[in-house]
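# Observations on chain architecture
One-letter residues, chain by chain:
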Amino acid sequence: MNNIKVALAGQPNCGKSTIFNMVSGIEQHIANYPGVTVDKKTGFFKYGNYKIEMVDLPGTYSFSSYSLEERVAKEFILNETPEVIVNVIDASNIKRNLYLTFQLLEIGIPVVVVLNMMDVAKRREIEIDSKKISEMLNCPVIEATGAKGVGSKEIMKSIVDVATNKKSYEDFKINYEELEPHINSIEKKIQENTFHLNKRWLCIKLLEGDTTIIEYLKKDYPKIEEEIEKESKIFHEKYDKDFPSFLASIRYDSADIIYHNAIEDKKSGIETLTDKVDKIILNRFLALPILILLMFLVYQISIVWGYKLTDYTWPILASFKNFVIDILPQADLIDVPMITDLGVWMVNSANALMNYIPIFFILFALIAIMEDVGYMPRMAFILDKVFKRFGLHGQSTLPLVLGGAMVGGCAVPGVMATKGIADDRARMATIFSVPYMNCLAKVPFYTLLLGAFFKAQMAIMMFFISTVTLFVALIVAKLLTSTILKTRETAPFLMELPPYHLPTVKGVVIRAVQRVWIYIKKVVTIVLAVAIVLFALLQFPGIDETSKANFENDIEVALTKFDRATQSSSYYSEVDSKQKVSQLLNYYDSYRAKKMTLSSPEESKKVDEDFLQKNSIFFKFVKPLRDAEAKKINAALRKLSTDRKRVLRSIKNEKIENSLLGMAGRAIEPITKYAGFDWRINVAFLSSFAARESAVATLGSIYENNKADSMRAEEAMSLNSGYTPLHAAAIIIFMLLTPPCIATMIVVKMQTNSYKWMLFAIFFPVTLGIVLSSIVFSIGSYNNYTGVEAMTYFYFAIVFIALIVALFPNKNINWEGGIKPKISTK
């Protein structure tokens, strides 16, 4: 079977992805282009005796090097030499799309033109003579409607026909008139080059100032830039024109010739449905409220409703955890094998991330719908003016909202949603701004501290917490784009508002599944590796022999009580040894764990049957019903189980205190003490890097009062921590600014393609958090502020700084002059 490699090219919003999904089906592979984070989608399909590999290039308006997507697309053509280029064109907007078509035709690789969305063109009464276009361009032109599956076979057939008749292919040339002598002059300079692509096209790109082509040819022709400069100077002196604008005008003129010869727009000048909808969507008074409403719906559907779906998926994950526990070596009273501890830790870490999958699937599907409908560029248009003052981009809106701009988001999908931001500097600034939003996992932490120290002021404190982070994110974005991101590549802000389209179910589902699969593959695998490191940091060096002896004594006391309580039972012979009691305890705990994951009486009955079959005697002690003798064992068993959990919890706490992570908490105490933190709160923050929920769990464990089991966690923290409301305010401020969790850091690595930036995303917020919380705590202590007062001053200081930054002169305005006002001589 012969192979054919095909590049699929087209402008954004031309329906290229729809065509790609139509011809390639589900056999797709998605990865990144080397060295960048732009998606590279590859699809495979067969036609006759040919296996076709189709690569979906990023959507580009031209084939220059103005944006990352354009550079990536051109480098693919340069390095991977496809045999055919399929150029997808929006049939309802042909004239604009033809500019790219002429650039593709000049490359020297056979082109198949696909007129997509023919149904839309016909509905608008745009008559297209595709045969005429084919004759004028000397290439196949296929009419298609990707959303309805029309044109698939014709596209495949044309690809094979073109690839198998390459010998009859002649280079496509545009007559550039006055520019021709300069093209010929440069062509002579590179005549000896054995490059596989069309030399004329290379010359045109050189004269256009294409940096990718210049860098590529500089290896063999070090003085090529001087030659181009020389030709440019001659041309400019003779015609008072520049190469790029001259080339563009010729291509636009060529597109105009095609348009007037082969297209008749019978409704030209008549207001379309898109025009009518845009009068509402982009209305100066309605645009922002509509955008906020849509963002709220995306947040509500994906985060809130999606989170409710986890009620159904979590029992599946919990069942998986129970399954793993069942196959791991069981504990012998308080002696838990290391492999069991590690296994449970790993499953917990994986489950914490897998639990987000319903949220991600809905989120990615909604993003795909907004992309297909054509709302994403409109959203950027609406907010670009405001965000630009802070170095962000209109397309930063969705990532910030998903990250938790309204409290309760998640930084992981927020950072992943930055992929669509075309401006690299704004995209990087957004990546580092999103983690400042209040993710869902931070909410329990705030609830714990507010319940412990701010019961009377919870509403105002929650208002400060939920709104101050957006101002902090804007300030940070401005700071970064003015300093370390200043030299990052920016793309010209080309704002095109495509016609509205109906999305296809297939296209939306495929893209959502692809993006979720990337998350599962890359995040989970890396997180599991990090989880092993954290496990080691929390386990070693472990507890000393003296403590171990004390804990063994505690469990012996509990066993003695159990023995006394069960001696009178007729079933005593079943629990008269330590080994039997240990087995019964594991049986009891396993039964209770499985029962907690069930949602129906039928499932409960099935578990009862399984455990009855497993050990009918033990089942009597777990579920004694009316058996009075078994009830004696049951009552003692429940007490023993509680005692064992208490001892195991104590062992865990001591392990944490003596662990490497605990030592780290003590080691940084000299720094964090200025913010009012002791080693315990340091350990809570360090452990929360795995998942934000860990901070609450760790604090709850550390400050738990074993003598009062019924005491709520916030009450225990308020009584046992020794903290004041001012301490709590400083802790909250640090949590507001604290770095993202491991999962977010991993996606930061994925989106920046750099470990260096990932480390920056960790240490910059830590430094900022320590500095600001230390300032607030120190000033608050000196002036005897309450926690609310300190938080109030912090809030208004941040808002004031954000307003000052917003009013700062916009450096993008880089011209001056004009008619100056007259200076009075009086």
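Residues numbered from 1 in each chain as written. Predicted model: local features only at pLDDT ≥ 70, side-chain atom pairs only at ≥ 80, totals over all residues. Heavy atoms only, no water.

### Here's the deal with the overall build of the chain
From N to C terminus, the chain includes 36 helices and 9 strands. Within the span of the chain, comprising 826 residues, buried residues form 51% of the whole. In the chain, once contacts between residues fewer than 6 apart in sequence are set aside, the share between residues at least 24 apart is 75%. Of the accessible surface of the chain, which amounts to about 39,300 Å², a share of 59% is contributed by carbon and sulfur atoms. (Helix = DSSP H or I, 4+ residues; strand = E, 2+ residues; numbered from the N terminus. Buried < 20%, exposed > 50% of the residue type's maximum accessible area, 1.4 Å probe, protein only. Contact = heavy atoms within 4.5 Å. Areas by Shrake-Rupley, 256 points an atom, 1.4 Å probe, with all protein chains shown as cover.)

### Side note on the nonpolar core
Among the nonpolar cores identified, the biggest contains 108 residues, and Leu398, Phe432 and Ile732 are the most heavily contacted of them. Dropping the residues within four chain positions of it, Phe432 is found in contact with Leu480, Leu485, Val748, Trp757, Phe760 and Ala761. Leu115, Met118, Ile183 and Ile186 belong to the second-largest nonpolar core, a separate cluster that totals 60 residues. (Core = buried A, V, L, I, M, F, W, Y, C linked by side-chain atoms within 4.5 Å.)

### Focus: the pairing of strand 1 (residues 2-10)
Looking along a regular strand, one sees side chains alternate from face to face of the sheet. Here strand 1 pairs with strand 4 (residues 50-56) via 7 bridges, running parallel. Residue Val6 lies in a different strand from strand 4, and its bridge partner there is Met54. Here 5 bridges tie strand 1 to strand 5 (residues 84-90), and the two strands are oriented parallel to one another. If you follow Gly10 over to strand 5, its bridge partner there is Val88. (Pairing = 2+ DSSP bridges.)

### Some words on the pattern of salt bridges
If the charged atoms of two oppositely charged side chains come close together, the side chains can form a pair. Within the structure shown, the criterion is met by 27 salt bridges. Put simply, Glu80 and Lys5 hold a salt bridge, and the shortest N to O gap is 3.3 Å. Here the residue Glu80 occupies a position in helix 2 (residues 68-80), and Lys5 occupies one in strand 1, the gap between them amounting to 75 residues. In this structure, the salt-bridge partner of Arg427 is Asp424, at a minimum N-O distance of 3.1 Å. Here the residue Arg427 and the residue Asp424 both occupy positions in helix 19 (residues 424-433), the gap between them amounting to 3 residues, near one helical turn. (Salt bridge = Lys/Arg side-chain N within 4 Å of Asp/Glu carboxyl O.)

### Some details on the packing of helix 5 (residues 130-137) against helix 11 (residues 243-262)
It is the contact of helix 5 with helix 11, at a shortest axis distance of 9 Å, that shows an interaxial angle of 145°. In terms of crossing hand, the pair formed by helix 5 and helix 11 is right-handed. Across the interface between the two elements, Lys132, Ile133, Met136 and Leu137 from helix 5 touch Ile257, Ile258, Asn261 and Ala262 from helix 11. For the contact of helix 5 with helix 11, the per-class residue count stands at 6 nonpolar, 1 polar and 1 charged. (Axes fitted to C-alpha atoms, helices over the stretch in contact; angles between N-to-C directions. Left-handed = near helix turned anticlockwise from the far one by under 90°. Nonpolar A, V, L, I, M, F, W, Y, C, P; charged D, E, K, R; others polar.)

### Some points on the packing of helix 24 (residues 578-596) against helix 27 (residues 628-658)
As a packed pair, helix 24 and helix 27 sit with axes 10 Å apart at the nearest point and diverge in direction by 85°. Our classification of the angle between helix 24 and helix 27 gives roughly perpendicular. Taking contact as the criterion, the partners of Val581, Leu584, Leu585, Asn586, Tyr588 and Asp589 in helix 24 are, on helix 27, Ile633, Leu637, Arg638, Leu640, Ser641, Arg644 and Lys645. (Parallel < 35°, antiparallel > 145°, perpendicular 65-115°, else oblique.)

### Some remarks on the packing of aromatic side chains
Per the stated rule, a full pass over the model turns up 23 aromatic pairs. Ring centres of Tyr99 and Tyr252 lie 4.5 Å apart, and the angle between their planes is 20°; this geometry places the pair in the stacked category. Taken together, the positions of Tyr99 in helix 3 (residues 94-105) and Tyr252 in helix 11 put the pair 153 residues apart, joining distant regions of the chain. For Tyr99, a relative accessible area of 9% puts it in the buried group. (Phe/Tyr/Trp six-rings, centres within 6.5 Å; stacked < 30°, edge-to-face > 60°.)

### Section: a nonpolar patch on the surface
A cluster of nonpolar residues, Met338, Phe540, Leu660 and Met663, forms a patch on the protein surface that exposes about 360 Å² of accessible area. Tracing the backbone through its elements, the reader meets Leu660 in helix 28 (residues 660-667). (Patch = residues over 30% accessible without salt bridge, like charges linked within 9 Å, V, L, I, M, F, W, Y side chains within 5 Å.)

### Re unusual backbone geometry
For the peptide bond that leads from Phe540 to Pro541, omega is 5°, which places it in the cis range. By the element assignment, Pro541 lies in the loop between helix 22 (505-539) and helix 23 (545-566). You will see that Met117, though not glycine, has its phi angle at about 60°, which is positive. Within the secondary structure, Met117 sits in the loop between strand 6 (111-116) and helix 4 (118-123). With a phi close to 55°, Asn753 is a non-glycine residue in the positive phi region. Within the secondary structure layout, Asn753 lies in the loop between helix 34 (742-752) and helix 35 (755-783).

Taken by themselves, the reported measurements are silent on function.
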